[in-house]
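The chain contents come next:
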Amino acid sequence: DNKSFSNFIESIGMNYDYAEVNDRFNRKHVEFLTDYFIIKNADNRDFYFPYISYKPGVKIFEESHQLAVCRNLLAKGFKVYVEPTQFVDADVQEALETEFGNQIQFVALADLEKNNHLLYKINL
């Protein structure tokens, strides 16, 4: 929405930087959330996301804070589990698995809990 708004403002010859400021804030907020979850995960558990889309129950991944935090955690070397739902896009899953290998797994929470797998659960 911010990018569309910025493009519209530019197309009518105006200079209004709200959308750019908001975009910068969102990127910094993702970094803040990543650091926050790492600090709060004092037991160094694997991370778990019930969804990585923009919102639960949708198959939209653009501007998803959940996906961005997930990618950041993976890039920092953490193991991440994601609930495999009908809303996980196959292309997004394949891209994550290609880039991060076994560091990311799409496994149901119930299966992890059956094996007493201790997790740090993230639900934004």
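Provided above is the structure to which this section pertains.
The structure contained in this document is the topic of the report that follows. (Residues numbered from 1 in each chain as written. Predicted model: local features only at pLDDT ≥ 70, side-chain atom pairs only at ≥ 80, totals over all residues. Heavy atoms only, no water.)

1. Observations concerning the overall build of the protein
- Across its full length, the protein holds five helices and four strands.
- Secondary structure elements in the protein, listed N-terminal to C-terminal, are α-α-β-α-β-α-β-α-β.
- Expressed as lengths along the three principal axes of its C-alpha atoms, the size of the protein is roughly 60 × 30 × 25 Å.
- Sorting the 124 residues of the protein into buried and exposed places 35% on the buried side.
- In the protein, of all internal contacts separated by at least 6 residues, the share reaching a separation of at least 24 is 66%. (Helix = DSSP H or I, 4+ residues; strand = E, 2+ residues; numbered from the N terminus. Buried < 20%, exposed > 50% of the residue type's maximum accessible area, 1.4 Å probe, protein only. Contact = heavy atoms within 4.5 Å.)

2. Focus on unusual backbone geometry
- The phi angle at Asn44 is positive, at roughly 55°, despite the residue not being glycine.
- The topology assignment puts Asn44 in the loop between helix H2 (18-40) and strand E1 (46-49).
- Look at Asn44 and you get exposed, because its relative accessible area is 53%.
- You will see that Asn116, though not glycine, has its phi angle at about 55°, which is positive.
- Relative accessible area serves as the criterion here: at 64%, Asn116 is assigned to the exposed category.

3. A short note on the packing of H2 against helix H3 (residues 65-75)
- Running from N to C, H2 and H3 point in directions that differ by 55°, and their axes come no closer than 9 Å. As judged from the angle between their axes, H2 and H3 are oblique. At the point where H2 passes H3, the crossing takes the right-handed sense. Residues Asn26, His29, Val30, Glu31, Leu33, Thr34, Phe37 and Ile38 of H2 touch H3, and the partners they reach there are His65, Ala68, Val69, Asn72 and Leu73.
- Of the residues contributing to the contact of H2 with H3, the split by class is seven nonpolar, five polar and one charged. (Axes fitted to C-alpha atoms, helices over the stretch in contact; angles between N-to-C directions. Parallel < 35°, antiparallel > 145°, perpendicular 65-115°, else oblique. Left-handed = near helix turned anticlockwise from the far one by under 90°. Nonpolar A, V, L, I, M, F, W, Y, C, P; charged D, E, K, R; others polar.)

4. Examining the nonpolar core
- Ranked by internal contacts, the top residues of the largest apolar core, which has 23 residues, are Phe49, Ile52 and Leu96.
- Those elements that provide at least two residues to this core are H2, E1, H3, strand E2 (80-82), helix H4 (90-100) and strand E3 (104-106).
- A per-element tally of this core places H3 first, with five residues.
- In contact with Ile52, other than residues within four places in its own chain, are Phe61, Ser64, Gln66, Leu67, Cys70, Val82, Val92, Leu96 and Phe106. (Core = buried A, V, L, I, M, F, W, Y, C linked by side-chain atoms within 4.5 Å.)

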